[in-house]
Amino acid sequence: MAARWLQWAASIPAWRTPLGDRAEYYATNQPKDVWFLAGQFGDAGDDPENFRRVTVPVGRPVFLPIWWAFGTDDAPNGRPADAGVAYATLENDEEIDLPILEVVCRRKFTVDGVFGNPITTTGRSREVWMWANCVLLTGLTPGRHRLITSRAHVSEERPDAAAFVYLITIRG
């Protein structure tokens, strides 16, 4: 799923990508069997309050890498050195801490980008590895859901952190 997410992100040019957090592009190139949330590049995008509003068709799992890295060099043996920690909570009638899935794709796979995409920047194929801390939501019922994600570096050299709120409406 993480490799598919990276391919999805590379399939959209920078001027139309939801990775820049422009809400009108959240539905761009979405596959039929899952809904990819855009993730974050460390800023709030268009919304100064860090709210990201998205409408998802009913019955689709929602996938989001909270913290991710990829590269064309040799894959790291474990977590990338600059990776931090990730958290996610789903708030509806109650607050539920979500499991964070660690995904490691050490065997390289092909990513086909379009010119100007924010992942590879080129229209050429690249062989990449990927590591990610992700959330996969399944079985969301119609209505509104609030997904809160956060990530932070744990080293003193990079004491930054970011938190984002996804206001997800599931529609039939």
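Residues numbered from 1 in each chain as written. Predicted model: local features only at pLDDT ≥ 70, side-chain atom pairs only at ≥ 80, totals over all residues. Heavy atoms only, no water.

This part takes up the nonpolar core. One finds Leu37, Leu137, Leu147 and Ile168 to be the most contacted residues of the largest nonpolar core, which totals 26 residues. Elements with a contribution of two residues or more to this core: β2 (51–57), β3 (62–71), β4 (85–91), β7 (125–137) and β9 (161–171). Beyond its immediate sequence surroundings of up to four residues, leucine 37 is in contact with Trp5, Trp8, Val54, Val62, Phe63, Leu64, Pro65, Leu147, Tyr166 and Ile168. With 21 residues, the next largest nonpolar core counts Ala10, Val34, Val111 and Ile119 among its residues. (Core = buried A, V, L, I, M, F, W, Y, C linked by side-chain atoms within 4.5 Å. Buried < 20%, exposed > 50% of the residue type's maximum accessible area, 1.4 Å probe, protein only. Helix = DSSP H or I, 4+ residues; strand = E, 2+ residues; numbered from the N terminus. Contact = heavy atoms within 4.5 Å.)

If you trace the backbone, threonine 17 turns up in the loop between α1 (2–10) and β1 (35–36). Accessibility expressed as a relative area gives 6% for threonine 17, which makes it buried. Of the polar contacts made by the side chain of threonine 17, one reaches the backbone nitrogen of leucine 19; its length is 3.0 Å. The contact partners of threonine 17, leaving out residues within four places of it in the chain, are Ile12, Arg22, Tyr25 and Pro118. (Polar contact = N/O pair within 3.5 Å; in protein donor to acceptor, adjacent residues only side chain to side chain.)

The next point concerns the pattern of salt bridges. For the coordinates displayed, the defined rule picks out two salt bridges. Here aspartate 33 makes a salt bridge to arginine 4, at a shortest N to O gap of 2.8 Å. On the criterion of sequence distance, the pair formed by aspartate 33 in the loop between α1 and β1 and arginine 4 in helix α1 is long-range, its members being 29 residues apart. The exposure class of aspartate 33 is partly exposed, given its relative accessible area of 44%. Residue arginine 4 is classed as partly exposed on the basis of its relative accessible area, which comes to 35%. The shortest N-O distance in the salt bridge between glutamate 91 and arginine 146 comes to 3.1 Å. Placement of the pair is glutamate 91 in strand β4 and arginine 146 in strand β8 (residues 143–152), with a sequence separation of 55 residues. (Salt bridge = Lys/Arg side-chain N within 4 Å of Asp/Glu carboxyl O.)

Together, Met1, Leu101 and Leu136 line one region of the surface with nonpolar side chains, adding up to about 240 Å² of accessible area. By the secondary structure assignment, leucine 101 is in strand β6 (residues 101–112). (Patch = residues over 30% accessible without salt bridge, like charges linked within 9 Å, V, L, I, M, F, W, Y side chains within 5 Å. Areas by Shrake-Rupley, 256 points an atom, 1.4 Å probe, with all protein chains shown as cover.)

Spatially, β1-β3-β7-β6 is the arrangement adopted by the four strands of the open sheet, whose pairing is mixed. Here the strands that pair on one side only, and so sit at the sheet edges, are β1 and β6. For β6 and β7, the ladder comprises nine bridges, and the chain directions are antiparallel. Bridge pairing in β7 links valine 111 to arginine 126. Helix-sheet contacts for α1 involve β1, β3, β6 and β7, and the interaxial angle to β6 is about 45°. (Pairing = 2+ DSSP bridges. Axes fitted to C-alpha atoms, helices over the stretch in contact; angles between N-to-C directions.)

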